[in-house]
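Summary of the model geometry
Residue-level listing of the chains:
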Amino acid sequence: MSPQTLRGRLTLWYGALLTAVLLLFGIGFYAALARNLYRGVDQKLLALAEVVAESSVRNFLRPGYTNFARLLEEFFGVPAAGQFIQVLDPSGKVGARSQNLILRNLPVSREALRRAVHGQRVFETVPDPHAPLRVLTYPIIVRGRVRNVVQVATSLESVVTTLRQVLLALAVGIPLTLFLVLWGGWFLAGRALRPLDGLVAALRRLDADRLAARLPEDEGTEEVRELARSINGLLRRLADAFRRVREFTADASHELRTPLTVLRGEAEVALRHPRTAEEYQQVLASGLEEIHRMGRIVEDLLLLAKGDLGEAPVEKVPLRLEEVLGELASRAAVLAEAKGLEFTWAGGPPIQVEADPLRLRQLVWNLLDNAVKYTSEGGKVFLSHARSGPGWARITVKDTGIGIPSEHQAKIFERFYRVDKHRSRAQGGSGLGLAICRWIAEVHGGRIEVRSQPGRGSSFIVHLPEAPDPGA
Ligand code: ADP
């Protein structure tokens, strides 16, 4: 089971890697050392056997001669202490031997003797009660014939002891190193990750009401600072979204409360005294107006809510833009004339778009209605369309009305946002029209923008993708 914490995992991975490296190193080191030590012993034995096989020594090879070690040291300067030397005839009978072999026997392997008689040098390790012995069986060849066989041997005690000590050092050193390094790794991982604990604690203190709080962005390593910056960015966006939701709820209730207050006030006044039939009619007519107004707001809100959820029905069909706009232009002309405005629709090139006819009309009508609403008598309103680039159509609604101050221009597409609340409400507006326009433009793959100068007028421009011409 792997540990759940990052600290535990880092330490575990680190530990596993280190164990593998240390074991490989230990095995490699031990193997190389053992090979070198054994090779050294073999070289010494070979040198000694070669000296014994020298012709000048051969004279002493008679049976019963036991002082090889002294002879070799005194006359040839070859240190032979601790080595066993014996000479055999080809049948395996022992002749001369070193002093240390008087009381004990050097085990002679038949196989080694057989091979030596055939002229081969044979190295063997044979067991011995004290420590294993390394034995070299070496043929002495005179005039092409094996005359004798010399055996030199040495105890492997020092090699075995050295290797045992090294093994012990590795067996203690590797776990100890592992323990120390893992402990250090655990400690360092804890230190490196501590700033994260700080972030988690700071995040826990946050809640929906305290989204204005921010995490410290200048503590810990660059990664931690980057994380804190990203979380702060998210908090900013969340706080913004929460603020908009709150404002929206407040605005929506306010919008609905106003017509309700008017309705209740009028009903209460009407009920104070008996009234004539005409007076009741008047009160009911005024009430109906407020009910229409509330109904419009609720419908607009519902449309936007469904639009947010992607559930508002939008059925796109191929439409000729000039035809839809022409039809709206005749209605707008009547509206403009009633307010004493000059309305111009110059027509335009035939352009086909894929759009929901109802929504496209709603979009352009909202803009035309606003243009008439926010332009005073004697002003002008223009409607036009054109190709704005390859594959794009542009619809422009322009007026010479009151205009929109630049600081408000980006916000007028937000729900319930109005530059002048009283003026807008007096004109029957609820502040949802442009939000709906933007949603319609976007759901058709387009966008809407505004250009305006206060006191001189505004232009609303809708960009829509052109439908591919079926005839092309
Ligand atoms: P409303 O129902 O208030 O007209 P909209 O969403 O249609 O709501 O418009 C939002 C605000 O943008 C309006 O209240 C008004 O202040 C401003 N506005 C929209 N169109 C125009 C225009 N043609 N000229 C000047 N101001 C405009």
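1. Looking at the sheet that holds strand 4 (residues 133-142)
Hydrogen bonds between backbone atoms are what pair the strands of a sheet, whose relative direction is either parallel or antiparallel. With antiparallel pairing, five strands are arranged side by side in an open sheet as 2-1-5-4-3. Only two strands of the sheet have a single neighbouring strand rather than two, namely strand 2 (94-97) and strand 3 (122-126). Here the average twist between neighbouring strands, direction ignored, is 25°. As judged from the five bridges shared by strand 3 and strand 4, these two strands associate in the antiparallel manner. Within strand 4, the position partnered with Phe123 by the bridge is Leu136. Against the sheet, helix 4 (residues 110-117) touches strand 1 (83-88), strand 3, strand 4 and strand 5 (145-155), its axis set at about 140° to strand 5.

2. Comments concerning the side chain of Thr137
Checked against the element boundaries, Thr137 lands in strand 4. Judged by its relative accessible area of 0%, Thr137 falls in the buried class. Those residues within four positions of Thr137 in sequence are excluded, and the remaining contacts are Ala112, Ala116, Gln120, Arg121, Val122, Glu124, Val149, Val150 and Gln151.

3. Some thoughts on the site of the ligand
Every one of the 21 residues lining the ligand counts as a neighbour, but Asn370, Tyr374, Asp399, Ser424 and Leu434 are closest to it. A distance of 3.2 Å separates an oxygen atom of the ligand from a polar side-chain atom of Lys373. Between the ligand and the protein, one listed contact pairs a nitrogen atom with a side-chain N or O atom of Ser458 at 3.4 Å. Bound to the protein, the ligand loses 97% of the 530 Å² it would expose on its own. The element contributing the most residues to the shell around the ligand is helix 9 (residues 357-373), with three residues.

4. Things to note about the nonpolar core
One finds Leu360, Leu367, Leu368, Leu383 and Ile395 to be the most contacted residues of the largest nonpolar core, which totals 49 residues. At eight residues, helix 9 tops the list of elements feeding residues into this core. Structurally, this core is a two-domain feature, drawing no fewer than three residues from each of domain 2 (222-309) and domain 3 (317-465). Leu367 has contacts with Val397, Leu434, Cys437, Ile448, Phe460 and Val462, leaving out every residue within four places of it along the chain. Counting residues in each nonpolar core, the second largest holds 20 residues, with Leu48, Val142, Leu156 and Val159 among its members.

5. Here's the deal with helix 9
In this model helix 9 runs 24 Å from its N-terminal to its C-terminal C-alpha over 17 residues, within 8% of the 24 Å that 1.5 Å per residue would give. Summarising burial for helix 9: 12 of the 17 residues are buried, a large majority. For helix 9, the N-terminal capping position is held by Asp356, with its side-chain oxygen 3.0 Å away from the main-chain nitrogen of Leu358.

6. Thoughts on the domain arrangement of the protein
Taken as a whole, the protein is organised into domain 1 (6-161), domain 2 (222-309) and domain 3 (317-465). Relative placement of domain 2 and domain 3: their C-alpha centres are 24 Å apart. Contacts between the two partners involve 15 residues from domain 2, matched on the other side by 13 residues from domain 3. Here domain 2 meets domain 3 over a buried area of about 1,400 Å², counting both sides, of which 62% is carbon and sulfur. The interface formed by domain 2 and domain 3 includes two salt bridges.

7. Notes on the confidence of the model for the protein
For the protein, the mean per-residue pLDDT works out to 88, and 94% of the residues sit at or above 70. The least confident element of the protein is helix 2 (residues 55-58), whose mean pLDDT is 63; the most confident is strand 12 (residues 457-465), at 97.

8. A short note on the pattern of salt bridges
Overall, the coordinates contain 15 salt bridges when judged by the stated rule. A salt bridge links Arg114 to Glu111, with the nearest nitrogen and oxygen atoms 3.1 Å apart. Taken together, the residues span about one helical turn, with Arg114 and Glu111 both in helix 4 at a distance of three residues. Between Arg229 and Glu222 there is a salt bridge whose closest N-O contact spans 2.8 Å. Salt bridges sharing common partners tie together Glu222, Arg225, Glu226 and Arg229.

9. A short note on the sheet that holds strand 10 (residues 392-399)
Taken in spatial order, the five strands line up as 7-9-10-12-11 in an open sheet, and their pairing is mixed. At either end of the open sheet lies a strand with only one pairing partner, and these are strand 7 (342-345) and strand 11 (447-453). Across the sheet, the mean angle from the axis of one strand to that of its neighbour is 20°, orientation sign disregarded. As paired elements, strand 7 and strand 9 (residues 380-389) share four bridges and run parallel to each other. Within the sheet, the bridge partner assigned to Glu342 lies in strand 9 and is Lys380. The strands touched by helix 8 (residues 321-338) are strand 7, strand 9 and strand 10; relative to strand 7, the strand with the most contacts, the crossing angle is about 170°. Across the face of the sheet, helix 12 (residues 433-443) comes into contact with strand 11 and strand 12 while running at roughly 135° to strand 11.

Thresholds applied
- Residues numbered from 1 in each chain as written.
- Predicted model: local features only at pLDDT ≥ 70, side-chain atom pairs only at ≥ 80, totals over all residues.
- Heavy atoms only, no water.
- Pairing = 2+ DSSP bridges.
- Helix = DSSP H or I, 4+ residues; strand = E, 2+ residues; numbered from the N terminus.
- Axes fitted to C-alpha atoms, helices over the stretch in contact; angles between N-to-C directions.
- Contact = heavy atoms within 4.5 Å.
- Buried < 20%, exposed > 50% of the residue type's maximum accessible area, 1.4 Å probe, protein only.
- Near = heavy atom within 4 Å.
- Polar contact = N/O pair within 3.5 Å; in protein donor to acceptor, adjacent residues only side chain to side chain.
- Areas by Shrake-Rupley, 256 points an atom, 1.4 Å probe, with all protein chains shown as cover.
- Core = buried A, V, L, I, M, F, W, Y, C linked by side-chain atoms within 4.5 Å.
- Domains from an automatic or database assignment.
- Expected span 1.5 Å × (residues − 1).
- Buried area = accessible area lost by both parts, 1.4 Å probe.
- Salt bridge = Lys/Arg side-chain N within 4 Å of Asp/Glu carboxyl O.
- pLDDT = per-residue confidence, 0-100.

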